[in-house]
Amino acid sequence: MPERRSLSRLLAALSPRRLPPWLMRGAAARPWLVLVLAGVAVVVSLLAASRVRVETDLLGLVPSSDRVVAAYRDTLERFGSTDLMLVAVELGDDREAAYAYAESLADTLRGSEMISWLEYRLGDLERALPELVPLAPLYMAPDELDSFLRRLETADGRAREAAELRAALRSPAALGLESLHRVDPFGMVSTAAGRLPQGDEGLAGRVGAGGYLQDPGATMLLMLAKPVSPPADLPFARRLAAELDVFEASAESAWREQGFDGSRPEVLWASGHLVGVGDTAVIVRDLLLGTGSALLAVVLLFGVAFGRRVALVIAFVPLVTGLLLTFGFAAVALGRLSSVTTAFAALLIGLGVDFVIVLYGRYAEEREAGTSHREAIDVIGRSTALGVLLGAVTTAATFYAFLTSEFRGLWELGLLTGTGILILLVTVLLLLPALLELSERRRLRRGAHRGHRLRGFGARTLFRWSAARPRRTIAVVSLVALALGTLAYFTVELDDDSLALRSGDNPAMMARERIVEAFGLRFTPYMIRVDAGDEDEVMTRARDVLAALEPLIDDGSIARVESIAAFLPPPAQQQEALERLATFTLDGQPADGALRAELEQALRAEGLNPVGFATGLDITVAALERRQGLRLEELERGSLGHLLERYVAHSDDGETVSTVLYAYPPPSLRLPPNTLVELVDDRPWASLTGGIVVSQRLRQIVWRDAILAAALGTVIVFLFLALDLGGIRQAALALLPLSVGLVLMLGGMSILDVSVNSMNLFVFTMIIGIGVDYGIHLIHRWSEESLADAEGVAAAVAVAALTTVCGFGSLVFSHFPGLRSMGAAAILGTLAAALVSVTLLPALLSLVERHRRDADD
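These lines cover the structure that appears in this document, whether it is placed above or below. Just so we're clear, the structure is a prediction, and the values are computed from it rather than from any experiment.

1. What about the packing of helix H9 (residues 155–170) against helix H23 (residues 595–605)?
And then number 1: Where H9 contacts H23, the axes come no closer than 8 Å and their chain directions differ by 50 degrees. With respect to their mutual orientation, H9 and H23 come out oblique. For the crossing formed where H9 meets H23, the hand is right-handed. On the side of H9, the interface is formed by Arg158, Ala159, Ala162 and Leu165, while H23 contributes Glu598, Leu599, Ala602 and Leu603.
And then number 2: Residue composition of the contact of H9 with H23, by class: six nonpolar, no polar and two charged.

2. Overview of helix H12 (residues 234–257)
And then number 1: The end-to-end C-alpha separation of H12 is 35 Å, in line with the 34 Å expected for 24 residues at 1.5 Å each.
And then number 2: Maximum bend of H12: about 35 degrees, positioned at Glu243.
And then number 3: Buried within H12 we find Leu234, Phe236, Ala237, Leu240, Leu244, Phe247, Glu248, Ala251 and Trp255.
And then number 4: A positive backbone phi angle near 105 degrees is found at Gly259, which sits one or two residues after H12.

3. Points about a nonpolar patch on the surface
And then number 1: Judged by side-chain polarity, Val36, Val40 and Val44 come together as a nonpolar surface patch covering roughly 260 Å² of accessible area.
And then number 2: Position of Val44 among the secondary structure elements: in helix H3 (residues 31–49).
And then number 3: The exposed category is assigned to Val44, whose relative accessible area is 52%.

4. Some thoughts on the packing of aromatic side chains
And then number 1: Under the criterion given, the structure shown has six aromatic pairs.
And then number 2: On the basis of an interplanar angle of 90 degrees and a centroid distance of 5.0 Å, the ring pair of Tyr489 and Phe490 is categorised as edge-to-face. Of the two residues, Tyr489 and Phe490, both sit in the exposed class.
And then number 3: Ring centres of Tyr647 and Tyr662 lie 5.7 Å apart, and the angle between their planes is 80 degrees; this geometry places the pair in the edge-to-face category. Taken together, the residues Tyr647 in the loop between helix H26 (641–644) and strand S12 (648–650) and Tyr662 in strand S13 (residues 657–664) connect sequence positions 15 residues apart.

5. Structural notes on empty space enclosed by the protein
And then number 1: Per the counting criterion, the structure on display carries seven cavities of 30 Å³ or more.
And then number 2: Lining the largest cavity are 14 residues, with Val358, Arg362, Thr384, Arg781 and Val793 sitting closest to its centre.
And then number 3: In terms of residue class, the lining of the largest cavity is made up of three nonpolar, seven polar and four charged.

About the cut-offs
- Residues numbered from 1 in each chain as written.
- Predicted model: local features only at pLDDT ≥ 70, side-chain atom pairs only at ≥ 80, totals over all residues.
- Heavy atoms only, no water.
- Axes fitted to C-alpha atoms, helices over the stretch in contact; angles between N-to-C directions.
- Helix = DSSP H or I, 4+ residues; strand = E, 2+ residues; numbered from the N terminus.
- Parallel < 35°, antiparallel > 145°, perpendicular 65-115°, else oblique.
- Left-handed = near helix turned anticlockwise from the far one by under 90°.
- Contact = heavy atoms within 4.5 Å.
- Nonpolar A, V, L, I, M, F, W, Y, C, P; charged D, E, K, R; others polar.
- Expected span 1.5 Å × (residues − 1).
- Bend = angle between axes of the 7 residues up to and from the residue.
- Buried < 20%, exposed > 50% of the residue type's maximum accessible area, 1.4 Å probe, protein only.
- Patch = residues over 30% accessible without salt bridge, like charges linked within 9 Å, V, L, I, M, F, W, Y side chains within 5 Å.
- Areas by Shrake-Rupley, 256 points an atom, 1.4 Å probe, with all protein chains shown as cover.
- Salt bridge = Lys/Arg side-chain N within 4 Å of Asp/Glu carboxyl O.
- Phe/Tyr/Trp six-rings, centres within 6.5 Å; stacked < 30°, edge-to-face > 60°.
- 1 Å grid on protein atoms, 1.4 Å probe; cavity = no way out; pocket = protein on both sides within 12 Å on 5 of 7 lines; lining within 4 Å.
- Points joined across faces, edges and corners; volume = space filled by probe spheres on them.

Structure follows, in structure tokens:
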């Protein structure tokens, strides 16, 4: 029987309403034990938190079951990463020195085991020219091929070709193109220009002096490098970023050995690898500086509000303990932080300090009224702590609503913040009474006495004025809310640009934008994947998509399209070309192997040594004697095979052949145009994917899930309020000021030009939790005693709001625009919720009291 009674007492003590006083009394009775156990828990959490990794790959946060994401992952598995490293060399005034440095840097990059291939000039294609020139007749239009063959079929035509070759070699424009003339002396490549495979990104058309890839303004030379691992491989990305200085130093050393002096050209490096490394550094820096500054500001404000040095310790210890325990939880539950979840520390500081302020404020009020130390702790445990418990549970519930999200970033943020709030609740309920007990023992030993009073920063005055003039207060607040709500309705913008939420201080992002602006081409393409059962069918379908894309290029929706289908002549065209080659003659007679001798004779007549053009002559003869069509396998076996890997892939079972068309948007366009989406949707064997498409899908998921979480959180909060406050009317009374606060928040965002975006959207859900907390504390105190007794709670609400603002204030200084917008929205929402709670809510409660008195009379 005694054991059963002990168990029943324990279960009763652990019930929701009895848990806070039980924890607080036990902590006050054994303060040192509580502190030692908290210290051990902190040490364990620190050990676990030291292993937390920071991730910047948003693809890892997107639901893998999503159709768009699954298509993108499958495409990447087949074709590899589309992320190239852009290396731009500033040309400056001394072009010779810049070109020489670029050559040295190119040699360095080619020699690195971290780079699989590199392109930066037409000269890079010299290795492929012996393979491509013999194919040129197959790429020529029928009239072009007929004209070219007629020039070589007669002696006069061959003589004119040799004369034009000599003139071209003597022209200044031939600088850097001598090798092309020797491999293709009669200009087959120039005749088929634009149709032969020309490398990556469609930049061969931007060839400047010396065959270098450079922008139209000739301000920079561009290199395209393919790292051996994708950007998601963060350890590799860090090694690559660390090697950049080594690359530049090695190139500079070789450059100076050539006799160049002065400052070396500036180099811009941009890729997803470097963006990820830069974002990781920014995330860690923002997390440490933001958390530290927020914690310092909150603790200092807490000390100013209570006017006692011990208050600094009372605020600091529970906050830091709860924060570190949450880091430990993050390490165990998730093992990582991302650019989305890094905000949880600032959120917890802003939210958790509210618990300390409300509890310590009530303690100070009781002591000021003459209550003993232990009785004051018992009072806050039996009354105020219940409101704190309800506030913590409702706030945690609003964040747990994010667990319904498919976007893992929101899911993880909801899990961390919601659990962190509950952890902070427990640490405050245990550490606050323990610290108060030790402070009281120290005071008794010294025999000192210091009054307890919470500064309200004008909140008490507002509270009294509003309670005394309820109808006037309601009218003023309603007019202000109506004006700001109208302003917000017409002026608040929805920002759906994911790039605008990235860190503007990331060197790789800044370099990328400079390169994009210079070249007029965004290097992140839309990917149109085409599937078929065999090579001929997949090429036919790809050509169909190419033809459909031409109007989009004409209207500027797409800057350029790259596809192997554009480089592989249609079978009908190849057959027509082969039939024309079969009719080739020399001066009306079958060539019969005499073509080479006739071409050599034409060169000698112009004073050109045929020995120097031996390779070109062999290639020309091979081209004109070709009798077989071109297939993909032939290109894949050649020196351009590494490029074709980006365009063609075969399934593991060999039953499906896929090709990808890369459509590059102009710099001003960051979302897929509707015409492109409809074009692909009309073709069931094609799919639109790519990083831009996945980002768009991510924003759709975030908006949908944030709105769903806000609605779900509101319903959960309302149910909790109705159960705790004793009815729907009281719950609605607690939510009404919150609704007005949200309207004021939107009006403030409009005035400060803060747009609503996919990052700060969830702040609305968070403000629901914060605003409800303020209402709960006031209504709890009012229901226990009277409205006049709730004046002290108004002061606690004001201080809680200011400390919350300090916590969120660190986000305003973040390097990520998305987090800055979150901080701004949270600050406006917190201040609006607090202002309405100390004005509109006491006015409403005052009317309720008057109604009750009138009913009693």
